[in-house]
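# Descriptive analysis of the structure
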Amino acid sequence: MDMASTKSRMLRLKVWGDNACFTRPEMKVERVSYDVMTPSAARGVLEAILWKPAIRWQVDRIDVLKPIRWESVRRNEVGSVMSPRTNGLFIEEQRQQRAGLFLRDVAYTIHAWFEMTVPPDERNNVIKFQEMFICRASKGKCFNQPYLGTREFSAGFELIPHDQSLPEPIVETRDLGFMLYDLCHDTSRDEGHVHTCTDGCRPSFFRAALKDGRMMVPARDSEEVRR
Amino acid sequence: MILQALHGLYVRKQDELPPEGFEQKEIPFLIVLNGDGTFGDFQDTRNRSGKKLIARQFRVPKDSGRSGKNAWQSANLLWDHYGYVLCWPKSDSDADKEMARKQHGTFVERVGELAAAYPQDKGVQAVMRFLKSDEREKLLEHPAWEECRKIPGCNLSFRLSDELSLVCESDNVREFVAKSSAQDDDEDDSTTGDVEGICLVTGESATVARLHPRTPIIGAKSNAKIVSFQKNMGFDSYGRQQSYNAPTSKGAAFAYTTALNHLLAKESRQKLLIGSDTMVFWAGEKHRVEDLFADLFGEPAKENLDQTTQAIRSLYTAPQAGTPPLDHDLTPFFVLGLAPNAARIAVRFWHAGTVGETARHIRQHFDDCAVVHGPNQPEYLSLFRLLVSTAMQGKSENIPPNLAGDLMKSILAGTPYPQSLLSAAIRRCRAEREITYPRVSVIKAVLARGTRYYTSNEQEVGMALDVTNTNPGYRLGRLFAVLEKIQEEASPGINATIRDRFYGAASGTPVAAFPHLMKLKNHHLAKLENRGRAVNLEKIVGEIMDGLDDFPTHLSLQDQGRFAVGYYHQRQDFFKKNETTTNVNP
C-alpha cells in the first residue's frame, strides 16, 4: 500500500460482553434492543480505540458469534434531564422504574476499514493510522472503555490479526427489518467545534439481514442507506 | 422487528381490518335503494343472541367525534343516526325538530361534497337522489320503521338493492376518506408543521407521526401506547421531541396499532393473560397454530376442560389425515409479551421463530412437565396453573413480575427454565408443606431440562417412582413419604403429620431431622396391629436406605427439588399400590 492511498485495509476486531443493548429508536423509553449490533454501535467501539479528525470509520460486516439470547430487566432510572441553569436535581425524586429487554452473552467480529478525510501527507497517512490502530488494539489501549450500545455494558475487545483465521459465526439466516444505520449530522449551526443539532440531523436506516450469522453493512453513500 | 411484524400482520389481514379512516360499527338498520335513488326496502340487520338483539357490524368511515352545542355541524359520512339521515326529531318538541333539520342539512351537505367529487359513483348518486327527493315518506310507512324509531339514536346507512356491501364501502368513498383524513391531520399538527422522514417500519420517506395511536392492554391506562416519548423527560435526542425521535410514518403507525388492537381485542383468540403480562401471538400467514396456541397455555374453559389436551394431541399428531405435521413448517411465528408500566407499555419478551421449531419446543415443554398424577387431575397443566402454584396464597398477582415472561420465553426458545422458578416452587413447598401436582411438575421440569441442557451425568428424576435413582435428595424424599405413611397407618386421622412439622427441616438439613424421625418410626411401627404390614413397610425403608450411609448435613436447591419429587413419587405410588394389592391379594 502506497502513501497516497486514502483507504485502509480491512481490520478485524472481536468484541464481547455479558450484556448489550442496541436500543431501537422506537423503543428507547422502555428499552428494547436490536437483535444484532448496529453499524453505529460498531463505529463507536472502533472510535473508542482510535479516532482522529483525519480518519473516518466504515463498518463493512458484523459477524454474530453467539446465539441471540434475551434478558428482561426492570431497573430504576432517572426520569429527567438536568438543565445547565439549575443547581441540581434530587435523584430520589426523579426515580422511574423502567423495563428493558437486553441481549445477553454476546460476541461479534467487526470488519471495518477507515478512509482519510484529508489528503494524505507525511504526517497524516493511512499506514500510520493503520499501524496505530493495530498497535493500540492489540495492547488493549483505548480512549474510553468501548461499550455495547449503552455505557453500562462495557465490552472486551481483541484484534484479529490478518494471519489469523476468523472465529466461526452462528448458523442463522433471518431478516432483521430496518435497522438504524447512523445519524447524519448537519454541521451548519456548529460553533467552535461544538455541535448543535438542527432539523437537518436525522437518522438513516438500512434493511438489515443476517446471512449465516453475518450481517453485511452497506457503505454510507450507497443507495441501500435510506436517509 | 416488532413493529415490522405487526405491520406485516395488518397487510395480511387488510381485508378483515378497517383501512385508514374507517372503523367497525354496529348498524342496526339499512336503507336499501334502487339504482335510480328510489326507496327499495328497509332492512333489519339484527340477530337474536340470547335475549338481546345484536346488530351486524359494518365498516364505515370513522366517527367524526363531535360534541358540544355545535355538534350538529359535523355529520358522519353516509351513516349516522336518524336525526341526520332522515331529519327525524328525537321528540316532538320544536327545539328537537329544529335540531333534526339542522343535522339533516349537514348530512346532505357532506354527501353532496362526495357526490360532486365522484359523479360516476352509482351508489353515492343514488343516495344523493334519495336525499333530495321525497322518497323518505315511503320509508316512514315501512313496517320496520316502527322498530327503528324505538331505538334512541339508531344508526342507519345505505345499500344498493343489487349490491351486498354498503355504499360507504366503495373504493371511491375510501379514496375520499383517505384524502380528507390527511387534511384533518394537517390541521391537527398545524402548530408544529409536518416532518418528513424515513419510516423505520417501511423504509419509505413519508410524513412522520407525532403521536402514535393508543393500544391499551389490561392493567395499563386507557391511553397507553407502545411507542411514546414524554417531553422534557430525557427522551429528546438530536433536537427531536416525542415520536419524531423514532420516525414512523402515519400510515405505518396506524397499521401496526390497528393490528395490535385487533390482537388485543376482547374476543381475540390470539392473546393470553398471565399474571400481569399480556401475550399476543400471530403467524406470518394464516395458520391453524394461531387458534391452537391459546388452548395450549390458557386456562381451559369450564365447559371444555379437555381443551388443552385436545390442543396438545393435535400438536403431536396431524389432526386430520392429509394435514402435514407442524414440525417442519417454516412459517414465521411471533410471540410478543407486553406488560403495563403506568401510561406506557413495556415489551417483556419477543420471540420470532418458525411454527415448526416452536411446536417442537412446546411439545418438549409438556414432555418435561409430565409427571404421575391422580385420575381426576388434568393431564396437562396450563401455564397459568404452573405459575400460580409457585405464588404466595395461589394468587396470580403474587407471581413475581418477570417470571411469566421468562418462563414463556424459555418454553418457546427451548432453553433451560429460569432458576427462580425452581426456588419459588421449593419455597412454596416448604412454606405450605403441600407438595402438589403442579409444583412437582414445575420442579421436575426444571431439573429434567437442566440436566439435558448442561449434559451433566446426574441421574434425573423421571415421570413416576424410580427405585433405581440413587440421588440422596430423591431417596430421602421417598424415605420421608414412607415415614409419613407409617405414621398415618399407626394413628389414622391425625391432624398434623410429620410432614407438617418436619418437611422444611427434612428437605433442607436432613441430618437435623431424620435421626429423630427414624426413632419416631419405630414407635409408630410398634403401634401397628397388622404385623405383616409393619414388616412390609420396614422392608421398604430398608430398601431406600440401602447404600445411604449418612444423612447429609444439608441439601442443595437442586437436591431439595429432587427431595420434593421423590416424596411425591413415593406417595403417588402408595395410592397406586393400594389398587394393585387389592387386586392381587384374594
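Residues numbered from 1 in each chain as written. Chains lettered and ligands numbered in written order. Predicted model: local features only at pLDDT ≥ 70, side-chain atom pairs only at ≥ 80, totals over all residues. Heavy atoms only, no water.

Under the annotation held in an unreviewed UniProt entry, chain B carries the name CRISPR-associated protein Csd1 and is attributed to Geobacter metallireducens.

Basically, it comes down to this: UniProt positions are given in the numbering used here, feature names are shortened, and annotations may be inferred rather than shown by experiment.
The name given to chain A in an unreviewed UniProt entry is pre-crRNA processing endonuclease, with Geobacter metallireducens as the source organism. Under Sequence similarities (unreviewed entry), UniProt gives the following word-for-word description of chain A: "Belongs to the CRISPR-associated protein Cas5 family. Subtype I-C/Dvulg subfamily."

## Some points on the overall build of chain A
Heads up, the condition is: Helix and strand assignments come from DSSP, with helices taken as H or I runs of at least 4 residues and strands as E runs of at least 2, each series counted from the N terminus. For this measure, only C-alpha atoms enter the radius of gyration; the expected value for a globule follows 2.2 Å times N^0.38, where N is the number of residues. Each residue is assigned to one of three classes by its accessible area relative to the maximum for its type, calculated with a 1.4 Å probe on protein chains only: buried under 20%, partly exposed between the two thresholds, exposed over 50%. Only heavy atoms enter the contact rule, under which two residues are in contact if any of them lie within 4.5 Å. Where accessible areas are quoted, they stem from the Shrake-Rupley method and a 1.4 Å probe; at the residue level, only the protein chains shown are allowed to cover.
Scanning chain A from N- to C-terminus turns up two helices and eight strands. Helices (α) and strands (β) of chain A occur, in sequence order from the N terminus, as β-α-β-β-β-α-β-β-β-β. A compact globule built from 227 residues would reach a C-alpha radius of gyration of about 17 Å, and chain A, at 19 Å, matches this within 12%. Within chain A, the fraction of its 227 residues that count as buried is 47%. Look at the contacts in chain A between residues 6 or more apart in sequence, and 73% of them connect residues 24 or more apart. A total accessible area of about 11600 Å² is found for chain A, and carbon and sulfur atoms account for 48% of it.

## Re the sheet that holds strand β7 (residues 79-81) of chain B
Residues and elements named next belong to chain B. Rules: Pairs of strands are assigned from DSSP output, requiring at least two bridges between the strands. A fitted line through C-alpha atoms serves as each axis, taken over the contacting stretch for helices, and the angle formed by two N-to-C directions is quoted from 0 to 180°.
Across the sheet, which stays open at both edges, the four strands sit in the order β3-β2-β8-β7 with mixed pairing between neighbours. Edge positions in the open sheet fall to β3 (39-44) and β7, since each of these has one partner strand only. Direction aside, neighbouring strands of the sheet carry axes that sit 30° apart on average. Against the sheet, helix α4 (residues 122-132) contacts β2 (29-33), β3 and β8 (155-160), and its axis sits at roughly 120° relative to β8.

## Notes on helix α19 (residues 531-545) of chain B
Residue and element names in this part refer to chain B. Note the threshold: Expected helix span is computed as 1.5 Å times (number of residues minus one). By definition, the arc is the one covered by directions from the helix axis to the C-beta atoms. Polar contact is defined as a pair of N or O atoms within 3.5 Å, subject to the rule that within protein one atom must be able to donate a hydrogen and the other to accept it, and that residues adjacent in sequence are counted only when both atoms are side-chain atoms.
End to end, α19 covers 21 Å across 15 residues, agreeing with the expected 21 Å (1.5 Å per residue, within 8%). Considered for burial, the residues of α19 that qualify are Ala 534, Leu 537, Ile 540, Val 541 and Ile 544. Buried residues along α19 cover an arc of 125° about the axis, so they all sit on one side. Exposed residues pointing more than 90 degrees away from the buried face of α19 are listed as Val 535, Lys 539 and Glu 543. By the N-cap criterion, in which a side-chain oxygen at the helix start approaches the backbone nitrogen of a residue two or three places on, α19 is capped by Asn 530, the distance to Gly 532 being 3.1 Å. Positive phi shows up at Gly 547, right after α19, with a value of about 90°.

## Comments concerning the interface of chain B and chain A
The following threshold applies: By buried area we mean how much accessible surface two parts lose on assembly, using a 1.4 Å probe and totalling the loss over both. When a carboxyl oxygen of Asp or Glu is within 4 Å of a side-chain nitrogen of Lys or Arg, the pair counts as a salt bridge.
Between chain B and chain A, the residue contacts involve 39 residues of the former and 36 residues of the latter. Taken together, both faces of the contact between chain B and chain A bury some 3200 Å²; the carbon and sulfur share is 56%. Of all residues in chain B, Met 1, Ile 198 and Tyr 238 of chain B give up the largest surface area on contact with chain A, accounting jointly for 19% of the area buried on that side. There are one salt bridge connecting chain B and chain A. Glu 30 of chain A is paired through a salt bridge with Arg 344 of chain B; the nearest N and O atoms lie 2.8 Å apart.

## A look at the side chain of Asn 19 of chain A
Residues and elements named next belong to chain A. Looking at where Asn 19 falls in the secondary structure, it is placed in strand β1 (residues 11-20). Owing to a relative accessible area of 19%, Asn 19 belongs among the buried residues under this scheme. In this structure the side chain of Asn 19 is engaged in a polar contact, spanning 2.9 Å, whose partner is the side chain of Glu 71. Within polar-contact distance, the side chain of Asn 19 engages the backbone oxygen of Leu 103 at 3.2 Å. When neighbours within four sequence positions are excluded, Asn 19 is seen to be in contact with Glu 71, Phe 102, Leu 103, Arg 104, Asp 105, Val 106, Leu 148 and Phe 153.

## Overview of the nonpolar core
One recurring pattern in soluble globular proteins is that nonpolar side chains are buried together. Keep this limit in mind: Here, nonpolar core means buried Ala, Val, Leu, Ile, Met, Phe, Trp, Tyr and Cys residues that are tied together by side-chain atoms lying within 4.5 Å of each other. In this document the domain limits rely on a domain assignment from an automatic tool or a database.
Val 36, Met 37, Tyr 108, Phe 133 and Met 215 of chain A together with Trp 282 of chain B are the most contacted members of the largest nonpolar core, which totals 95 residues. Of the domains in this structure, domain 2 (196-264) and domain 3 (270-463) of chain B are the two that each give at least three residues to this core. Leaving out residues up to four positions away in the same chain, Tyr 108 of chain A has contacts with Leu 13, Lys 14, Val 15, Phe 22, Asp 35, Val 36, Met 37, Ile 62, Asp 63, Val 64, Leu 65 and Leu 103 of chain A. Core analysis: the second largest hydrophobic core is formed by 85 residues, Leu 296, Phe 297, Leu 326 and Val 355 of chain B among them.

## Looking at the packing of helix α16 (residues 472-490) of chain B against helix α17 (residues 498-508) of chain B
To describe two helices that pack against each other, one gives the angle between their axes and the distance between the axes. Residue and element names in this part refer to chain B. Counted only if it meets this: These descriptions rest on fixed angle ranges, namely under 35 degrees for roughly parallel, over 145 for roughly antiparallel, 65 to 115 for roughly perpendicular, and the rest for oblique. It is the rotation of the near helix from the far one that decides the hand of a crossing: anticlockwise by less than a right angle makes it left-handed, clockwise makes it right-handed.
With their axes 11 Å apart at the nearest point, α16 and α17 run at an angle of 165° to one another. By the criterion of interaxial angle, the relationship of α16 to α17 is roughly antiparallel. Relative to α17, α16 is oriented so that their crossing is right-handed. Touching Phe 480, Leu 483, Glu 484 and Gln 487 of α16 are Ile 498, Arg 499, Phe 502, Tyr 503 and Ala 506, all from α17.

## Comments concerning the domain arrangement of chain B
All names here are of chain B. As a reminder, the rule being used: We call Asp, Glu, Lys and Arg charged. Ala, Val, Leu, Ile, Met, Phe, Trp, Tyr, Cys and Pro are nonpolar, and the rest, Gly among them, are polar.
Partitioning chain B into structural domains gives domain 1 (17-182), domain 2 (196-264), domain 3 (270-463) and domain 4 (466-585). On a C-alpha basis, the centroid separation for the pair domain 2 and domain 3 is 31 Å. On the side of domain 3, 15 residues touch domain 2, which itself brings 14 residues to the contact. For the domain 2 and domain 3 pair, buried surface summed over both sides reaches about 1300 Å², with 68% attributable to carbon and sulfur atoms. A per-residue breakdown of the area domain 2 buries against domain 3 is headed by Ile 217, Ile 218 and Leu 263, which together make up 41% of the total. Viewed at the interface, domain 3 and domain 2 are joined by zero salt bridges. Where domain 2 touches domain 3, the interface holds two residue pairs in polar contact (both at pLDDT 80 or more). Residue composition of the side of domain 2 that touches domain 3, grouped by class: eight nonpolar, four polar and two charged.

## Examining the side chain of Thr 390 of chain B
All names here are of chain B. If you trace the backbone, Thr 390 turns up in the loop between α12 (383-388) and α13 (403-413). Judged by its relative accessible area of 5%, Thr 390 falls in the buried class. At 2.7 Å, the side chain of Thr 390 forms a polar contact with the backbone oxygen of Leu 387. Setting aside residues up to four positions removed in sequence, Thr 390 forms contacts with Leu 403, Leu 421, Ala 424, Ala 425, Arg 428 and Val 442.

## What about the pairing of strand β13 (residues 332-341) of chain B?
All names here are of chain B. Most of β13 sits inside the fold, with nine of its 10 residues counted as buried. Strand direction decides the pairing type here: strand β12 (residues 277-283) and β13, joined by six bridges, are antiparallel. In the sheet register, Val 280 faces β13, and the bridge partner there is Leu 336. Sheet topology note: the β13/strand β14 (residues 344-354) ladder contains 10 bridges and is antiparallel. Looking at the pairing, Leu 338 lines up with Val 347 of β14. Counted between consecutive antiparallel strands, the loop separating β13 from β14 contains two residues, among which Ala 342 sits at a positive phi close to 55°.

## What to know about the sheet that holds β12 of chain B
Residues and elements named next belong to chain B. If you trace the four strands from one edge of the open sheet to the other, you get β11-β12-β13-β14, paired in antiparallel fashion. Looking at strand neighbours, the two that pair on one side only are β11 (271-274) and β14, the edges of this open sheet. Adjacent strand axes in the sheet meet at a mean angle of 20°, parallel and antiparallel pairs treated alike. Here helix α1 (residues 2-12) sits on the sheet and contacts β12, β13 and β14; the angle it forms with β12, its principal contact strand, is near 55°. Along the sheet face, helix α9 (residues 289-297) touches β11, β12 and β13 and points at about 150° away from the line of β12.

## Re the pattern of salt bridges
Following the criterion strictly, the structure yields 37 salt bridges over all chains and no others. A salt bridge links Asp 368 of chain B to Arg 449 of chain B; the shortest N-O distance between them is 2.9 Å. Residue Asp 368 of chain B is located in helix α11 (residues 355-369), and its partner Arg 449 of chain B is located in helix α15 (residues 437-454); the two are separated by 81 residues in the primary sequence. Take Asp 368 of chain B and Arg 449 of chain B: they sit in the same class, and that class is buried. When salt bridges that share partners are traced, they join Arg 31, Arg 75, Glu 77, Arg 98 and Glu 152 of chain A into one network.

## Focus on the confidence of the model for chain A
As a reminder, the rule being used: Every residue is assigned a pLDDT by the predictor, reflecting its confidence on a scale from 0 to 100.
Taken residue by residue, chain A gives an average pLDDT of 90. The fraction at 70 or more is 98%. Between the elements of chain A, mean pLDDT differs from a low of 86, seen in strand β3 (residues 70-78) of chain A, to a high of 96, seen in β1 of chain A.

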